[in-house]
Structures are given as C-alpha cells and as structure tokens.
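Structural description and commentary
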Amino acid sequence: MPKERVSVSLSDIEHISQSDLSTSKLDALVNSYDSFEYQLNSSSNPIALSGSRPYRVIDGRHRVFMARQKGYDSVPAIFV
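Presented here is an overview of the structure given in this document.

Quick notes on the rules
Residues numbered from 1 in each chain as written. Predicted model: local features only at pLDDT ≥ 70, side-chain atom pairs only at ≥ 80, totals over all residues. Heavy atoms only, no water. Helix = DSSP H or I, 4+ residues; strand = E, 2+ residues; numbered from the N terminus. Polar contact = N/O pair within 3.5 Å; in protein donor to acceptor, adjacent residues only side chain to side chain. Contact = heavy atoms within 4.5 Å. Pairing = 2+ DSSP bridges. Axes fitted to C-alpha atoms, helices over the stretch in contact; angles between N-to-C directions. Core = buried A, V, L, I, M, F, W, Y, C linked by side-chain atoms within 4.5 Å. Buried < 20%, exposed > 50% of the residue type's maximum accessible area, 1.4 Å probe, protein only.

Examined against the element boundaries, His-62 turns out to sit in helix H3 (residues 61–69). A polar contact of 3.0 Å, which involves the side chain of His-62, links it to the backbone nitrogen of Ser-22. Residues contacting His-62, with those up to four places away along its chain left out, are Leu-21, Ser-22, Lys-25, Leu-26 and Leu-29.

This part covers the pairing of strand S4 (residues 74–79). Pairing of strand S1 (residues 6–9) with S4, which is carried by four bridges, proceeds in the antiparallel orientation. Considered in S4, the bridge of Ser-7 is made with Pro-76. Note: strand S2 (residues 47–50) against S4, three bridges, orientation parallel. The residue of S4 that forms the bridge with Ile-47 is Ala-77.

Now for the sheet that holds strand S3 (residues 56–59). If you trace the four strands from one edge of the open sheet to the other, you get S1-S4-S2-S3, paired in mixed fashion. For this open sheet the edge positions go to S1 and S3, each flanked by a neighbour on one side alone. Pairs of neighbouring strands in the sheet enclose a mean axial angle of 55°, with direction left out of account.

This next bit is on the nonpolar core. The biggest cluster of nonpolar side chains holds 19 residues, and the ones touching the most others in it are Ile-13, Ile-47, Leu-49, Val-64 and Val-75. Residue assignment for this core shows that the elements contributing at least two residues are helix H1 (23–31), helix H2 (36–40), S2, H3 and S4. Broken down by element, this core gets its largest block of residues, four residues, from H3.

In structure tokens, the structure reads:
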C-alpha cells in the first residue's frame, strides 16, 4: 500500500548544503522536460523523509534544496 504524501514545512527538514549535491542533478531539475513543480509533486518518486525534526531526507535531497532556492515554504513528502 502506498504511503500517504503530506505537506512538510521546509523549516522542519534538515539543511542540505549545495556542496553535498550533484551539480548535474541540480541542472537536470532546472532543465528537465518536466517542470520543477511536476517533479516536486511526483507520486511515483516522492520525497522521502525519516526521523524527527529536523527530518532526514532519504530520497529527494536535490528537490528539497531546489524548493528552498525557489522560495517554497513546504514540500509534499512521505515518511519511511
């Protein structure tokens, strides 16, 4: 059964440094055929978090970083 996606405040998610990310993956997010919003809201590849605040990013570090850069307040995510 798929996990339910919930809106999570970016302030509740661990800080991710750009130096810890792949430049090519960040470029792919920006220059993809699919919009960033589409990628952010993907139900087939959701952002995955675990733990307690600040939540640890299991999958989707590049999308979390980019959402912060774009001024988002929250992102959809699942907890694993």
